[in-house]
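Listed here are the chains, written in short residue letters.
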Amino acid sequence: MFPSRKDALRHVSESAKTNAEKLVKCGNLACQHDSLLQTLSSAKIVSYASFEFEEKKPGKKKGKNKGEPCQSAQVVTKASGCNTPPIVYAITLSDSIFFPEGGGQFADHGTLRLTSKNGVDSCDEEGRIELFVQDAQNVDDICVLLCCLPAESGSTPEDLAMMLKHSDVTVDQTLDWERRYDQMTQHSGQHLCSAVALSDFDVGTHSFSLGEKISYIDFAVEESWNRDHASNVFAEIEKKVNAHIRDNIPMKPQWLEKNDPLFESKVRSRLLPDGLEGPIRIVEIGNGIDLNTCCGTHVPVLGHLQMIKFFRMEKVKPTIFRVYFAAAKRLTLIMDDMYDTQAKLTKILACTEAEQVMRLRQLLDDKRDRDRKIETLNDKLSTCHSKEIIEECRARRVNFSVVDLGDVDIGYMTLVSTKVLDGFGNEKPTLLFVGGEDGSDEGSFLLLGNKVIVDKVGKEVANMFDGRGGGKNGKFQGKGLRVRSSLELVKQFLLSTM
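The rules behind the values
- Residues numbered from 1 in each chain as written.
- Predicted model: local features only at pLDDT ≥ 70, side-chain atom pairs only at ≥ 80, totals over all residues.
- Heavy atoms only, no water.
- Helix = DSSP H or I, 4+ residues; strand = E, 2+ residues; numbered from the N terminus.
- Rg over C-alpha atoms; globule rule 2.2 N^0.38 Å.
- Buried < 20%, exposed > 50% of the residue type's maximum accessible area, 1.4 Å probe, protein only.
- Contact = heavy atoms within 4.5 Å.
- Areas by Shrake-Rupley, 256 points an atom, 1.4 Å probe, with all protein chains shown as cover.
- Lys, Arg positive; Asp, Glu negative; His and termini not counted.
- Charge placed at Lys NZ, Arg CZ, Asp CG, Glu CD.
- Phe/Tyr/Trp six-rings, centres within 6.5 Å; stacked < 30°, edge-to-face > 60°.
- Lys NZ or Arg CZ within 6 Å of the ring centre and 35° of its normal.
- Axes fitted to C-alpha atoms, helices over the stretch in contact; angles between N-to-C directions.
- Parallel < 35°, antiparallel > 145°, perpendicular 65-115°, else oblique.
- Nonpolar A, V, L, I, M, F, W, Y, C, P; charged D, E, K, R; others polar.
- Polar contact = N/O pair within 3.5 Å; in protein donor to acceptor, adjacent residues only side chain to side chain.
- Patch = residues over 30% accessible without salt bridge, like charges linked within 9 Å, V, L, I, M, F, W, Y side chains within 5 Å.
- Salt bridge = Lys/Arg side-chain N within 4 Å of Asp/Glu carboxyl O.
- Expected span 1.5 Å × (residues − 1).
- Arc of directions from axis to C-beta.

1. Quick notes on the overall build of the chain
Line of reasoning, step 1. A tally of regular secondary structure across the chain gives 11 helices and 18 strands.
Line of reasoning, step 2. In terms of C-alpha radius of gyration, the chain reaches 32 Å, well past the compact-globule figure of 23 Å for 498 residues.
Line of reasoning, step 3. Overall, the C-alpha framework of the chain stretches about 95 × 65 × 45 Å when taken along its three principal axes.
Line of reasoning, step 4. Burial statistics for the chain: of 498 residues in total, 43% are counted as buried.
Line of reasoning, step 5. Counted over contacts in the chain with a minimum sequence separation of 6, partners at least 24 positions apart contribute 69%.
Line of reasoning, step 6. On the chain, roughly 26,900 Å² of surface is accessible, and the fraction owed to carbon and sulfur atoms is 51%.
Line of reasoning, step 7. With 65 positive and 72 negative side-chain charges, the chain shows a spacing of 6 Å between the two charge centroids.

Below is the structure:
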């Protein structure tokens, strides 16, 4: 058991390199030769290591756009269906149908079925142990699969450790095909869109993101482009892209040496990792449409994409237009959701589809009118409330008031408090307002007054209301579960502090 993921990955990578003749390296994997492979039988284990899952505290992501896909999970999560806390197994195989994360494409998921003729006591009746593959990473050109035992597995970590030691173990791989095919079609769609944009419209690709629900391409354009011009250009790109899909043009990988004249003259992107040696994997779209360096999985013919649709477009920088798109089954799922939403809106709004936008605008205009009227009424009502509070305080010759304002929110309490403070002038009264739904003990509270007193007792008041809150400089507000039943008790407490 290694102390960390990093140590485990380093070990399996270095160990695999000492058995280089037994494995296929990244760039030449089975999945990179035939992306339609869904299973692969009788692979051999080259190296392995394990480490214990450590749940990391969520933190703010820096430098990430909202639409970008996050990286594949660094460790297997509890949500994967694995034992908790899971032991993660880093395994390298002689060959892999699991694509390791890279080139903008997510890692593949699926299952491994380990079989040993010698058998293990807790294997199934056929001498097998099954693992979930929840991540795949390229570690120094070695494909490392991160796996765990299923929660319902009858096997234990000890059983697996025993099986991994047997030299006769063979591994059958089964891909999560739905996930792979979705990613593959979106990635191929991106290649096609970028190629057509560059070759036919002289619009280069700045970057792209293959999200789990929707993907986008950032196109590099002239700063002078406005939205109308961009819309026209991208509409033409979409039209040309779908014409190529209808023609069912082949798309296939090939391998070229860096000094190959074809690589130097025809390949669209030649960005290569430092230290890369040997033949370079190129993905070709036939009819001279595209040659591009890529490690990812792709469809064999463009017909698999069915159709590409550009959904929306936004100018994210003066020279960058972001275009969101979808292809193949993902496109049909998005369209299904859109039609379902539209059908629901038709029923809710009681109008035809063509009238929906107009109806929604009318409703929003009506809401704005009502909000303005409510604001005016609240202003008048708060003036009445504030006058009553001021008159009561002056009649009793005190600068202290505790009031249940009824079914109001913290915004209305603030409005009343502002007018009360204005009415007292330079004097600093202590005010405690509560409010909430009629008949409910739960609600909001607002405490205002002398800075020293309020800042000191604010948290105690929140505790007495069985709630929480915050504030400073003589203002403390919050919510509580017992704001009405505890109001008299809190009032007495405040009086004792003055």
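2. Considerations on the packing of aromatic side chains
Both the distance between ring centres and the angle between the ring planes are used here to describe each pair of aromatic rings.
Line of reasoning, step 1. One pass over the full model with this rule turns up 7 aromatic pairs.
Line of reasoning, step 2. Ring centres 5.5 Å apart and planes at 35° place the aromatic pair Trp177 and Tyr181 in the tilted group. With Trp177 and Tyr181 both in helix α4 (residues 177-201) and 4 residues apart, this pair spans about one turn of that helix.
Line of reasoning, step 3. Each member of the aromatic cluster is reached from another via a ring pair, and the members are Phe219, Trp225, Phe234 and Phe321.
Line of reasoning, step 4. One cation-aromatic arrangement involves Arg312 over Tyr324; the distance from NZ or CZ to the ring centre is 4.0 Å.
Line of reasoning, step 5. Lying across the ring of Phe424, Arg394 places its NZ or CZ 5.8 Å from the centre.

3. As for the packing of α4 against helix α7 (residues 328-349)
Line of reasoning, step 1. Orientation of α4 relative to α7, taken along the N-to-C sense of each, is 95°, at an axis distance of 7 Å. Relative to α7, the element α4 lies roughly perpendicular. Mapping the contact onto sequence places Glu178, Asp182, Gln183, Thr185 and Gln186 in α4 and Ala328, Lys329 and Arg330 in α7.
Line of reasoning, step 2. Residue composition of the contact of α4 with α7, grouped by class: 1 nonpolar, 3 polar and 4 charged.

4. Examining the side chain of Ser188
Line of reasoning, step 1. Here Ser188 is to be found in helix α4.
Line of reasoning, step 2. Within polar-contact distance, the side chain of Ser188 engages the backbone nitrogen of Val299 at 3.1 Å.
Line of reasoning, step 3. Not counting the four nearest positions on each side in its chain, Ser188 is found in contact with Met251, Thr297, His298, Val299 and Leu305.

5. What to know about a negative patch on the surface
Line of reasoning, step 1. On the surface, Asp407, Asp409, Glu437, Asp438 and Glu442 cluster together into a patch of negative charge.
Line of reasoning, step 2. Structurally, Asp409 is set in the loop between β14 (400-404) and α9 (410-424).

6. Structural notes on the pattern of salt bridges
Line of reasoning, step 1. Using the criterion set out here, one finds 21 salt bridges in the structure.
Line of reasoning, step 2. Between Arg10 and Asp7 there is a salt bridge, with the nearest N and O atoms lying 3.0 Å from each other. Placement of the pair is Arg10 and Asp7 together in helix α1 (residues 5-17), with a separation of 3 residues, close to one helical turn.

7. Structural notes on α7
Line of reasoning, step 1. In a regular helix each residue adds 1.5 Å, so 22 residues correspond to 32 Å; α7 covers 32 Å between its end C-alpha atoms and thus fits that length.
Line of reasoning, step 2. For α7, the full list of buried residues reads Ala328, Arg330, Leu331, Ile334 and Leu349. Seen from one end, α7 has its buried residues packed into an arc of 140°, which puts them on one side. In α7, the exposed positions angled more than 90 degrees off the buried face are occupied by Asp337, Tyr339 and Lys347.
Line of reasoning, step 3. Where α7 is buried, its residues meet α4, β8 (215-220), β12 (308-317), β13 (320-327) and α8 (356-396).
Line of reasoning, step 4. Ala350, located one to two residues past α7, shows a positive phi value of around 55°.

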